[in-house]
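# Examination of the molecular architecture
Letter by letter, the chains look like this.
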Amino acid sequence: MNKKYRKAIIAGNWKMNMTASAVRPFIDELRAAMPKLKTCDAAICAPFPLIPALGKALRDFSRVAVGAQDVCEFPSGAHTGEVSCDMLTDLGVKYVIVGHSERREYQHEDDFKVNAKLRAAIAAGMTGIVCVGESLEQRNRGLTLEHIDYQVSSAVYGLTEEQARRCVVAYEPLWAIGTGVVATAEQAQEVCAEIRAVLKRRLGARTARAMSILYGGSMNAKNAAELLAMPDIDGGLIGGASLKPADFAAIIAATAQE
Ligand code: PEP
C-alpha cells in the first residue's frame, strides 16, 4: 500500500535506562547529530521520572516529541504506583507505548488490559504505540500470523476509525528484542502486511492505509534503511540503539531513503 498516506515515525524506547541528569547532554548530542531535513516524526519514550527533564530539554527542539512507556487505563483514584493519562498529557507527553512484550511478560498484562490502556491513551489525545509480536516457539510452530491477528484484533477492539488513526502498531518479534538478532526485511514485511490486512478487516481500507506500522527488534543504524524500505514498514521502535544519540539520529536519517 502507498506510503504517502501515512507518517514515518521513529520512536525510541529507553526502557529502564538513563537518569534525569543525563537527559540534557543526550539531547544536545542528538540535536547535533540530527539530519537537516525532517523526513519523519520522532519521539523518545522515557521512564516516568525522566519525563519532566526530557520535556524541558526538548522545549526548543520540537523535532522530537516526548513519549512514555506505559500508562494506567483508569483515570484516577486508588491505583497505587500507577500513572494516569492526565498526568502524562499535563507533562506534554504525546506518545505512549502500550503492551510492550516486557510488560506483557513481567507485569502479566493481557490483551484486555492492553486494549483498555490504548483506548484511554487515545481518548486523552495521545498517540498509542501498541506492541505485538510472536515468541520464537510460536514462529517455529508456524503460529506467527495467527497470533498476530489475535493480538492486533484485540488491541484495536472498540476503536472508531477516527480513534484508530491515533494508534500506531509496532511489530516486535520477541526473539529479536534486545538480542541483536534482527528479523530479515522479508520476515518483518510479511508480518507488517498481515497487520495491515487485519486493520483493514477491522477498521476499513482507508483507515488501514492511514495507520503507521513500525518494526522493532534490534533495529540499528546499519539495518534500518533496509527494513524501512519495505512497503508496510513505516518506521521503527528502537530500544538499545535509542540510547546512543548518533545511532538514533542515523536511524531517523534512514527514513529519508524510503
Ligand atoms: C524494544 O524493546 O522495544 C526494542 C525494540 O528493543 P531493541 O531495539 O533493543 O531490540
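As shown above, the structure is provided for reference.
### Describing the overall build of the protein
- A tally of regular secondary structure across the protein gives 12 helices and eight strands.
- Relative to a compact globule of 258 residues, whose C-alpha radius of gyration would be 18 Å, the protein shows 17 Å and is just as compact.
- Dimensions of the protein along its principal axes, counting C-alpha atoms only, are 45 × 45 × 35 Å.
- Residue pairs in contact within the protein that sit at least 24 positions apart in sequence constitute 74% of those at least 6 positions apart.
- Looking at charge distribution, the protein has the averaged site of its 30 positive side-chain charges lying 6 Å from that of its 29 negative ones.

### Quick word on the pairing of strand β6 (residues 167-171)
- Taking burial as the measure, the five residues of β6 include five buried ones, the bulk of the element.
- Side chains C167, V169 and Y171 of β6 all project onto a buried face; the interleaved residues V168 and A170 project onto the opposite face, where all are buried too.
- In the sheet, strand β5 (residues 127-132) pairs with β6 via five bridges, with the strands oriented parallel. When the bridges of β6 are listed, I129 appears paired with V168.

### Quick notes on the nonpolar core
- I27, L30, I195 and L199 are the most contacted members of the largest nonpolar core, which totals 73 residues.
- Per-element tally for this core: the top contributor is helix α9 (residues 185-203), with eight residues.
- Leaving out residues up to four positions away in the same chain, I195 has contacts with V132, I148, V152, V169, Y171 and I213.

### Quick look at the sheet that holds strand β1 (residues 9-13)
- Strands sit in the order β1-β2-β3-β4-β5-β6-β7-β8 around a closed barrel of eight strands; the barrel is parallel. The average undirected angle you get between the axes of adjacent strands in this sheet is 25°.

### Overview of the packing of aromatic side chains
- For the coordinates displayed, the defined rule picks out two aromatic pairs.
- An angle of 80° between the planes, with centres 5.0 Å apart, marks the rings of W14 and F26 as edge-to-face. Residue W14 is found in the loop between β1 and α1 (20-33), and its partner F26 is found in helix α1; the two are separated by 12 residues along the sequence.
- By relative accessible area, F26 is classed as buried at 5%.
- When the ring centre of Y5 is taken as reference, the NZ or CZ atom of R209 above it lies at 3.7 Å.

### Structural notes on the packing of helix α5 (residues 111-123) against helix α7 (residues 144-155)
- For the pair α5 and α7, the least separation of the axes is 8 Å and the interaxial angle reads 40°. For the element pair α5 / α7, the angle class is oblique. On the side of α5, the interface is formed by D111, N115 and L118, while α7 contributes Y150, Q151, S154 and A155.
- When grouped by side-chain class, the residues that make up the contact of α5 with α7 number three nonpolar, three polar and one charged.

About the thresholds
Residues numbered from 1 in each chain as written. Predicted model: local features only at pLDDT ≥ 70, side-chain atom pairs only at ≥ 80, totals over all residues. Heavy atoms only, no water. Helix = DSSP H or I, 4+ residues; strand = E, 2+ residues; numbered from the N terminus. Rg over C-alpha atoms; globule rule 2.2 N^0.38 Å. Contact = heavy atoms within 4.5 Å. Lys, Arg positive; Asp, Glu negative; His and termini not counted. Charge placed at Lys NZ, Arg CZ, Asp CG, Glu CD. Buried < 20%, exposed > 50% of the residue type's maximum accessible area, 1.4 Å probe, protein only. Pairing = 2+ DSSP bridges. Core = buried A, V, L, I, M, F, W, Y, C linked by side-chain atoms within 4.5 Å. Axes fitted to C-alpha atoms, helices over the stretch in contact; angles between N-to-C directions. Phe/Tyr/Trp six-rings, centres within 6.5 Å; stacked < 30°, edge-to-face > 60°. Lys NZ or Arg CZ within 6 Å of the ring centre and 35° of its normal. Parallel < 35°, antiparallel > 145°, perpendicular 65-115°, else oblique. Nonpolar A, V, L, I, M, F, W, Y, C, P; charged D, E, K, R; others polar.

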